[in-house]
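# Secondary and tertiary structure notes
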Amino acid sequence: MAMIKVQKGTKDILPNEINVWHFMEKKANEIFNKYGAKEIRTPIFEATELFARGVGDTTDIVNKEMYTFEKSERSLTLRPENTAGVVRSFIENGMHRLSAPVKLWYKGPMFRYERPQAGRQRQFHQVGVEVFGIKQPTADAEVILMAVNYLKSLGLNDLTVEINSLGCPTCRENFKNKLKEVIKPYLSQLCEDCQTRYEKNPLRLLDCKVPECQEIFSKPEIQAVIQGDFICEECAEHFEELKNYLDILGIKYERNKLLVRGLDYYNRTVFEIKSNNLGSQNAVCGGGRYDSLVRNLGGEDTPAIGFAMGMERLASLIDVSNIPEEKTTAFVVSNNTIEAVKLTEELRAEGISTEFDLTNKKFVKQLEKASKVANFAVILGEDEIASNSVTVKNLLTSEQKTVKRGNLTENLK
Ligand code: HAM
């Protein structure tokens, strides 16, 4: 019979790779909690309209990449990202009544129908943070700090933080018009996607990777608009303050005026953190401010800012040799299966992860197995059974000692 295989763009995370995932999850819990963030878990599918209205119907994500299906005449979509879902939950659960800032973090699978390549999957995982209720740039700085410190806690340092300000809707409108004006003479020479972007979302023109388009955008009159400072005074002040905080906090960053991000909800601060050790898919983190999204999805006016990181990309960068191997604490080695199972269960009841040989192998084979999977061998020979004791062997140092059964748990702990 034909073998059923894992779907293109999806991957199993196997037991021999799970260590690094537990490590990323543990560190997320630890670091984000330190900043007062609480974990939130939202459903994996939502109403399609949430993403159309939230992420934006001019984006590639909504236009080309969503896994959408119908059930009971409702259009549902597997979440391509989690900001929209978290905002929906924030509104639905009246979290605006909580004292600001409301800081939430999440982890879990996301789905985008993209062309798979190294660092890009159709089912991938994100860990992210969303902070609600603060319009001041202190929140922007704190969110970037959370991202940087989380990455540091994973041992990742060779990274570049890029920041930009997209301004407010008013200053952005000015910029869009100027950009359209200088690009208009070249419109027919741009790629098909850019021609659509020109009409629907001109800012996204800056994101195009097609060499012919890039050549056009490098023309002096177009560069003059791109590199010019289009943001209004208030937005410029917000951005200056953020940079000031980042300097004070010792976070190095680069201004990238081409950084526009691929989702529609952003205003003012946007940022990305890129790895210097990844190929073309080098963004490990993307985020920014989205002050109108809560209102646009039917909530009270609430400023917000957040980020998400691709966990597969993080996993590929983490040096696994620095992560302690997750071994079983104890392995009971004995020729007396009944006594072995009893002792194993006793230890498990005490909270110690324990295994024993289920196949009645020879004593030496059991010891070999123990040294592969456990930190300690708990040896239960006939002498030990008779004297109500056990021999504990540290499988790392080979040290061993005989202890009374009553003192075993204490010794292992
Ligand atoms: P995003 O830039 O679309 O932003 O995704 C964030 C990160 O998810 C990327 O930097 C990348 O590491 C990872 N990622 C995205 N697509 C894939 C893929 N197909 N395969 C593997 N990894 C991928 C967002 O999703 C926003 N919700 C971030 C945000 C939160 N903004 C504000 N709050």
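Calculation notes
- Residues numbered from 1 in each chain as written.
- Predicted model: local features only at pLDDT ≥ 70, side-chain atom pairs only at ≥ 80, totals over all residues.
- Heavy atoms only, no water.
- Pairing = 2+ DSSP bridges.
- Helix = DSSP H or I, 4+ residues; strand = E, 2+ residues; numbered from the N terminus.
- Axes fitted to C-alpha atoms, helices over the stretch in contact; angles between N-to-C directions.
- Core = buried A, V, L, I, M, F, W, Y, C linked by side-chain atoms within 4.5 Å.
- Buried < 20%, exposed > 50% of the residue type's maximum accessible area, 1.4 Å probe, protein only.
- Contact = heavy atoms within 4.5 Å.
- Phe/Tyr/Trp six-rings, centres within 6.5 Å; stacked < 30°, edge-to-face > 60°.
- Lys NZ or Arg CZ within 6 Å of the ring centre and 35° of its normal.
- Domains from an automatic or database assignment.
- Salt bridge = Lys/Arg side-chain N within 4 Å of Asp/Glu carboxyl O.

## Some points on the sheet that holds strand 4 (residues 74-78)
- Read across the open sheet, the three strands follow the order 2-4-3; overall the sheet is antiparallel. One side of each edge strand has no neighbouring strand; the edge strands of this open sheet are strand 2 (45-47) and strand 3 (67-71). Taken over all neighbouring pairs, the strand axes of this sheet differ in orientation by 35° on average, direction set aside.

## Describing the nonpolar core
- The biggest cluster of nonpolar side chains holds 54 residues, and the ones touching the most others in it are Phe132, Ile183, Leu190, Phe217 and Ile222.
- Ignoring sequence-local partners within four residues, the contact set of Ile222 consists of Val182, Ile183, Tyr186, Ile216 and Phe217.
- Counting residues in each nonpolar core, the second largest holds 44 residues, with Phe32, Val127, Ile273 and Val284 among its members.

## Points about the pairing of strand 16 (residues 400-404)
- Across five bridges, strand 15 (residues 389-394) lies against strand 16 in antiparallel orientation. If you follow Ser389 over to strand 16, its bridge partner there is Lys404.
- Hairpin connection, strand 15 to strand 16: the antiparallel pair is bridged by five residues, and Ser398 has positive phi, about 70°.

## A few points about the environment of Gln121
- Along the chain, Gln121 turns up in the loop between strand 5 (102-111) and strand 6 (123-132).
- Under the relative-accessibility criterion, Gln121 is labelled buried at 13%.
- Along the backbone, Gln121 and Phe111 are 10 residues apart, and their C-alpha atoms lie at a distance of 8.2 Å.
- Ignoring anything within four residues of it in the chain, the contact list for Gln121 reads Gly9, Lys11, Arg112 and Glu312.

## Some words on the packing of aromatic side chains
- For the structure on display, the rule yields 11 aromatic pairs.
- With 6.3 Å between their ring centres and 85° between their planes, Phe132 and Tyr290 make a pair best called edge-to-face. Here Tyr290 lies in the loop between strand 10 (283-289) and helix 11 (293-296) and Phe132 lies in strand 6, a separation of 158 residues in the sequence. Here Phe132 matches Tyr290 in class, with each residue buried.
- Arranged with centres 4.8 Å apart and planes meeting at 70°, the rings of Tyr265 and Tyr266 form a pair that is edge-to-face.
- What makes Tyr266 buried here is its relative accessible area of 5%.
- Grouping aromatic residues by their ring pairs yields a cluster made of Phe32, Trp105, Tyr150, Phe271 and Phe307.
- Positioned above the aromatic ring of Tyr198, the side-chain terminus of Lys180 is 5.2 Å from the ring centre.

## Let's talk about the domain arrangement of the protein chain
- Split by domain assignment, the protein chain resolves into domain 1 (18-168 + 231-320) and domain 2 (328-412).
- Averaged C-alpha coordinates put domain 1 and domain 2 at centres separated by 47 Å.

## Digging into the pattern of salt bridges
- In this structure the tally under the stated criterion is 26 salt bridges.
- Residue Glu142 is joined to Lys103 by a salt bridge in which the shortest nitrogen-to-oxygen separation is 2.5 Å. Here Glu142, found in helix 5 (residues 137-153), pairs with Lys103, found in strand 5; they are 39 residues apart in sequence, far enough to count as distant.

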